[in-house]
Structures are given as structure tokens and as C-alpha cells.
Amino acid sequence: IEREFGSERRRIRVVKMRGVKVRGGFHDLVLRTGGLTVFPRLVAAEHADEFDPGTTSTGLVELDLLLGGGLVPGTNTLLMGPSGAGKTTTAIRCMLTALEGGSRATYFLFDEGRATLLARSALLGMDLRPHIASGALDLMQIDPAEISPGEFACRAREAIEEHGSTFVGIDSLNAYVHAMPDEQYLVLQMHELLSYLNQKGATTVLVLGQHGVIGEVRTDVDLSYLSDGIVLFRYFEAHGSVRTAVSVVKSRVNGHERTIRELMISGTGIQLGAALTDFQGV
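The paragraphs below set out a description of the structure included in this document. (Residues numbered from 1 in each chain as written. Predicted model: local features only at pLDDT ≥ 70, side-chain atom pairs only at ≥ 80, totals over all residues. Heavy atoms only, no water.)

1. Some thoughts on the packing of aromatic side chains
Selection rule: Only the six-membered ring of Trp is used, alongside the rings of Phe and Tyr, when aromatic pairs are assigned; centres must lie within 6.5 Å, and planes under 30 degrees apart are stacked while those over 60 apart are edge-to-face, with the rest tilted. In this description a helix means any DSSP run of H or I spanning at least four residues, a strand means any run of E spanning at least two, and both kinds are numbered starting from the N terminus. Here's how the labels work: a residue is buried when its accessible area is under 20% of the maximum for its type, exposed when over 50%, partly exposed in between, all with a 1.4 Å probe on protein chains only.
On inspection of all chains with the given rule, the structure shows 2 aromatic pairs. Seen from their ring centres, Phe-108 and Phe-152 are 5.0 Å apart, and the 70° between their planes marks the pair as edge-to-face. With a gap of 44 residues between them, Phe-108 in strand E5 (residues 105-109) and Phe-152 in helix H5 (residues 149-161) connect regions that are remote in the sequence. As far as burial versus exposure is concerned, Phe-108 and Phe-152 are alike and both buried.

2. Topic: the sheet that holds E5
Two pairing modes exist for strands in a sheet, parallel and antiparallel, and in both the strands are linked by backbone hydrogen bonds. So the rule is basically this: Strand pairing is assigned whenever DSSP detects at least two bridges linking the two strands. An axis is simply a line fitted to the C-alpha atoms; with a helix, the fit covers only the stretch in contact. Between two such axes, the angle follows the N-to-C directions and lies from 0 to 180 degrees. Contacts are assigned to residue pairs with any non-hydrogen atoms lying within 4.5 Å of each other.
If you trace the 9 strands from one edge of the open sheet to the other, you get E6-E5-E7-E8-E4-E9-E10-E11-E12, paired in mixed fashion. At either margin of the open sheet sits one strand with a lone partner, and together these are strand E6 (137-141) and strand E12 (269-275). With strand direction ignored, the average angle separating the axes of adjacent strands in the sheet is 20°. Here strand E9 (residues 229-238) pairs with strand E10 (residues 241-251) via 10 bridges, running antiparallel. Of the residues in E10, the one forming a bridge with Phe-236 is Arg-243. Of the strands in this sheet, E5 and E6 are in contact with helix H3 (residues 114-123), which crosses E6 at around 135°. H5 contacts E5, E6 and strand E7 (167-171) of the sheet and is inclined by roughly 160° relative to E5.

3. Here's the deal with the nonpolar core
Within soluble globular proteins, side chains that are nonpolar generally end up buried alongside one another. Where we set the bar: Note on terminology: a nonpolar core comprises buried Ala, Val, Leu, Ile, Met, Phe, Trp, Tyr and Cys residues joined through side-chain atoms within 4.5 Å.
Met-95, Tyr-107 and Phe-167 are the most contacted members of the largest nonpolar core, which has 36 residues in total. With 7 residues, the top contributor of residues to this core is helix H2 (residues 87-100). Excluding residues that lie within four positions of it along the chain, Met-95 makes contacts with Ala-105, Tyr-107, Leu-128, Leu-137 and Phe-167. Phe-152, Ala-159, Ile-160 and Val-177 belong to the second largest nonpolar core, which has 33 residues in total.

4. Describing the pattern of salt bridges
Heads up, the rule is: Within this document, salt bridges are pairs made up of a side-chain nitrogen of Lys or Arg and a carboxyl oxygen of Asp or Glu, the two lying within 4 Å of each other.
According to the stated counting rule, one finds 11 salt bridges in the structure shown. Note that Arg-32 is salt-bridged to Glu-151, the shortest N-O span being 2.9 Å. Of this pair, Arg-32 sits in strand E2 (residues 26-32) while Glu-151 sits in helix H5, placing them 119 residues apart in sequence. Assessed through its relative accessible area of 45%, Arg-32 is described here as partly exposed. Its relative accessible area of 3% is what places Glu-151 among the buried residues. Glu-262 is the salt-bridge partner of Arg-243, the closest N and O atoms lying 3.7 Å from each other. With a gap of 19 residues between them, Arg-243 in strand E10 and Glu-262 in strand E11 (residues 261-266) connect regions that are remote in the sequence. According to the relative accessible area criterion, Arg-243 is partly exposed, its value standing at 26%. Connected through shared salt-bridge partners, Arg-32, Glu-151 and Arg-155 make up one network.

The values are spatial; any link to function lies outside them.
Right under this line is the structure:
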């Protein structure tokens, strides 16, 4: 399949094979130095597993309260808001807490450079480099123009089944979606991938940037219905400064707070304040 930007896409389909049940549909493949690699279409129903559904902390007491206790294995949480609101920083804080608790993690980085993310995380008191050195964290830089949905699903499977990750971060969905405007069934493929991660008991955090800063804020594609939980980030003005508000607008697994809290990021890390009670229209 030729595309206007990025590498061409190749697919394979098995239409007949006597005496063998084949996996129908198209499967992505790549030709690289050394040979050919096929990425079989992911079917989440084939990968159900047993896991402990107990709630785990995000590392921020106030965010745990907003979420109704914290993050739950076997679910995915969407961090959604405008650029610069603190979505990636919050995702890193959640992942670092999991790593400090002995878990293994994989973080798929589409937008930001690996070196930039490591440097700014360290400046905020969240140094990821020791966990990369120990092998507990796989920080994977992804070029969305060079990867197909099938290959990305395969990398997610490797993160769970080979690396042993129980925490998976995808940052962000925007670059992945924008790089594949010709993929008609991208949302269905994302649904299958998230279903797989949930059935494997992974705690998944997704980052989705929205257009606009104040006023009308919108997204290119609606992925909210795929998410088990949604954390919404918004800017507001108070006393001559621009601040960030955080709220949880959806949770399928916990009775969450309906309050709005202020998010503050400084050299000492990330903090959430008390519930905002004197504001409207945040």
C-alpha cells in the first residue's frame, strides 16, 4: 500500500489452506535486512489470563482520591487535555510508582524525544534512568510514520509476554492516529489492543492531546468510549495566572470523586491541591 508520507505498507492474507484453520483477514508484514516478518492480526479473546484486580496507588494521594482509590489492573485510563497541561508528567508519575513497587513497565513514546523526556523527568524528581539500567523499564521510542498497527500490536504483546510488563504507557495516541489516516479500522484495532492489555491484567495509561488551550477544546478522534477511566486536564485563570485543573469524568471500576483539583508542577515534582470550591466553568 503506497502512502503519501512514510514507508509503504505491506499486507498478507491467507485465503485457503486445506485441513488447517487459518486466521482470516489481512496481516501486516515488513521486509527488512535479514528477512521478512509477519505480524498476525491480534485477537484479544485468545489471550484471557488470571490476575489480581486490586487497586494500586498512582503515587499521588489526591489523584488516588479522584480515581476512587487509584489505578486498577486490567483497565486503561485516558489522560486527556490540551498541550502542556501535565498529561505526560502525570503518566510518568504513575509509572514510576509502579516501578518503585517492583513492577516492570513499558512506555511507548511517540511524540517527545527520549533524551528530552528523561532529562525533564529527572528535573522533576522522577529519574527513570536507574529503572532503565536495571531492565525494569523499557522506554521505547516509536516513529509513527514507519510502523503499522500490526507491528505496534506485536510490540505491545512482546512488552507483556516477553518483558513481563504490568504497566504500559502510550504517549500519545495523536501521533499514532495522525500517521495513519488511511487506516480505516484504526479505532477497531485500538479496541482490540486495549482489550488484549486489559485481559492480560496490565495497567494501561493513554495520553491524548486536544486542540485548543482555552474555550472550545476538541479531539480529532473520539477514543473516550474505549477507556475505562478518563482524567481530564483543563486550564483556568485565577489571580492573574494560568493554572491547571484536573478532574475524573469517567470510571468503570471505582466510585470516583466529582471534584476538581488544581495540578501543580515544580522542581520538587507533581502535586494536586484541595478541591476547588470557589470556581465555576473550569
